[in-house]
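What follows is each chain in one-letter form.
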Amino acid sequence: MLTIPKEKLPIHIACIMDGNGRWANSRHLPRQAGHRAGADTVERCADFCMTHNIPWLTLYAFSSENWNRPKTEVHALMLLLHEFLKKRLHQMMEKGVRLHAIGALSRLPARTRKLLQDSLEATSGNTRLNLVLAISYGSRGEIASAARKIAEKVSRGELQPDAVTEDLFGEYLDTAGMPEPDLLIRTSGEMRVSNFLLWQISYAEIYVTDTLWPDFGDRDMEAALLDYSRRKRRFGAL
Ligand code: FPP
């Protein structure tokens, strides 16, 4: 049971879902079994956020670097994403989940891209939880793309260089219009940010747990939130 006052809870949690492979290895299972178990954790986490009125959850489902994994694993992850969208759309509608996606979605297989677009549209009126999936996502690529779009506008004379503020830059990122994460959780003990939301996590509190993503449950989330609620967020000021 969570006893943290509402104002000490984050509005937006972002997760680097790491450790699926190790979870599978330790059980002598193929890596794909770890990813499959990880997809169940996604649902648990989303339910947790809804129970505790945390309105934004962003999950790093597939990085731009993950395309370099063996073909069989990439294929399995794409299949899992496809199944996830197909199976869970009904639940998302019932529960009031609005799906968002960030990343280079044009690289996804055509049928998955179509299913994703349909799911984004179908859920666009839902308001209980904003579930953001980072797919084929890399933060440096996202920032470079924003810089490119701004440079094009400047070169066409549609934008003055001194109009390029932090706020304006943010509007050219995939996350335009979304609140910045307050809490970044990384599972499996790795102390890395791995090209995830580099711009957006400037002032996020970081929480790393040794728990592997497929094992990450309500207790782990509660521990992360308790830790977060005790942090003094000063945003660089006193
Ligand atoms: C990192 O673990 C995890 C991934 C590359 C994929 C994350 C995907 C899921 C949790 C499931 C699919 C999600 C959705 C939304 C359907 P790793 O493979 O790097 O683990 P390791 O470091 O232990 O090898």
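Because the structure is predicted, anything quoted here is derived from the model rather than measured.

Student: Can you tell me about the overall build of the chain, naming the residues and giving the values?
Tutor: Secondary structure summary: the chain contains 7 helices and 6 strands in total. Starting at the N terminus, the α and β elements of the chain follow one another as β-α-α-β-α-β-α-β-α-α-β-β-α. The C-alpha radius of gyration computed for the chain amounts to 18 Å, which stays within 12% of the reference 18 Å derived for 238 residues, consistent with globular compactness. For the chain, the spread of C-alpha atoms along the three principal axes comes to 60 × 50 × 35 Å. The buried share of the chain, reckoned over its 238 residues, is 50%. For the chain, contacts bridging at least 24 residues in sequence account for 77% of all contacts bridging at least 6.

Student: How would you sum up the nonpolar core? Please name residues and give values.
Tutor: Counting 45 residues, the largest nonpolar core has Ile13, Leu57, Leu59, Leu116, Ile185 and Leu225 as its most contacted members. Per-element tally for this core: the top contributor is helix α3 (residues 71-95), with 7 residues. Apart from residues lying up to four places away in sequence, isoleucine 13 is in contact with Cys49, Ile54, Trp56, Leu57, Thr58, Leu183, Ile185, Met221 and Leu225. Counting residues in each nonpolar core, the second largest holds 14 residues, with Val132, Leu184, Phe196 and Leu197 among its members.

Student: An account of the pattern of salt bridges is needed here, citing residue identities and associated values.
Tutor: Under the defined criterion, the tally for this structure stands at 17 salt bridges. For the salt bridge of lysine 95 with glutamate 43, the shortest nitrogen-to-oxygen distance reads 3.7 Å. Here lysine 95 is found in helix α3, whereas its partner glutamate 43 is found in helix α2 (residues 31-51), with 52 residues between them in sequence. Residue classification places lysine 95 among the partly exposed residues on the basis of a relative accessible area of 26%. A relative accessible area of 22% places glutamate 43 in the partly exposed class. Among the ionic pairs, aspartate 182 bridges to arginine 233, the shortest N-O distance being 3.2 Å. A residue pair is termed long-range when its members are at least 10 positions apart, and aspartate 182 in the loop between α6 (166-171) and β5 (183-186) and arginine 233 in the segment after α7 (218-229) qualify at 51 residues. On the basis of relative accessible area, aspartate 182 is assigned to the buried category, the value being 13%.

Student: An account of the site of the ligand is requested, with residue identities and associated values reported.
Tutor: Neighbouring the ligand are 18 residues; Met17, Gly21, Arg22, Arg31 and Arg69 lie closest to it. Within the backbone of glycine 19, an N or O atom sits 3.4 Å from an oxygen atom of the ligand. One of the backbone nitrogen or oxygen atoms of glycine 21 is found 3.1 Å away from an oxygen atom of the ligand. Protein burial of the ligand: of its 620 Å² of free accessible surface, 91% is covered by the chains. When residues of the shell around the ligand are traced back to their parent elements, those giving at least two are α1 (20-25), α2 and α3. Of the residues forming the shell around the ligand, the biggest block, 4 residues, is contributed by α2. Of the residues contributing to the shell around the ligand, the split by class is 8 nonpolar, 6 polar and 4 charged.

Student: Talk me through the packing of α3 against helix α4 (residues 110-122); I want residue IDs and the actual numbers.
Tutor: The geometry of α3 relative to α4 is characterised by a closest axis approach of 10 Å and an angle of 20° between their N-to-C directions. As judged from the angle between their axes, α3 and α4 are roughly parallel. The two elements α3 and α4 cross, and the hand of that crossing is left-handed. Residue-level inspection shows Met78, Leu79, Leu81, His82, Leu85, Lys86, Leu89 and Met93 of α3 in contact with α4, the latter providing Arg111, Thr112, Leu115, Leu116, Ser119 and Ala122. A class-by-class count of the residues in the contact of α3 with α4 yields 9 nonpolar, 3 polar and 2 charged.

Definitions and cut-offs
- The written sequence of each chain sets the order in which its residues are numbered from 1.
- Since the coordinates come from a predicted model, pLDDT governs what is reported: local features require at least 70, and pairs of side-chain atoms require 80 or more to be given and counted, while whole-chain, interface and lining totals use all residues.
- To get the side-chain values, take all heavy atoms of the structure and skip hydrogens and water.
- Note on conventions: DSSP H or I runs of at least 4 residues are helices, E runs of at least 2 residues are strands, and numbering of each starts at the N terminus.
- This radius of gyration counts C-alpha atoms alone. The globule rule is 2.2 Å times how many residues there are, raised to the power 0.38.
- Burial classes: relative accessible area under 20% of the type maximum marks a residue as buried, over 50% as exposed, and values in between as partly exposed (1.4 Å probe, protein chains only).
- Whether two residues are in contact is decided by their heavy atoms, any of which lying within 4.5 Å being enough.
- In plain words, nonpolar cores are sets of buried Ala, Val, Leu, Ile, Met, Phe, Trp, Tyr and Cys residues tied together by side-chain atoms within 4.5 Å.
- Each reported salt bridge corresponds to a side-chain nitrogen of Lys or Arg within 4 Å of a carboxyl oxygen of Asp or Glu.
- Whether a residue is near a molecule or strand is decided by its heavy atoms; if any one of them lies within 4 Å of it, the residue is near.
- Within 3.5 Å is the distance limit for a polar contact, defined as a pair of N or O atoms, with the added protein rule that one can donate a hydrogen and the other accept it, and that residues adjacent in sequence qualify only through two side-chain atoms.
- Accessible surface area values rest on a Shrake-Rupley calculation with a 1.4 Å probe, where residue burial reflects the displayed protein chains alone.
- Under the convention adopted here, Pro, Cys and the residues Ala, Val, Leu, Ile, Met, Phe, Trp and Tyr are nonpolar, Asp, Glu, Lys and Arg are charged, and Gly plus all remaining residues are polar.
- Only the stretch in contact is used when a helix axis is fitted, and all axes are lines through C-alpha atoms; the angle between N-to-C directions ranges over 0 to 180 degrees.
- Throughout, the term roughly parallel applies to angles under 35 degrees, roughly antiparallel to angles over 145, roughly perpendicular to angles from 65 to 115, and oblique to all others.
- By the definition used in this description, the sense in which the near helix is turned from the far one sets the handedness, with an anticlockwise turn below a right angle giving left-handed and a clockwise turn giving right-handed.

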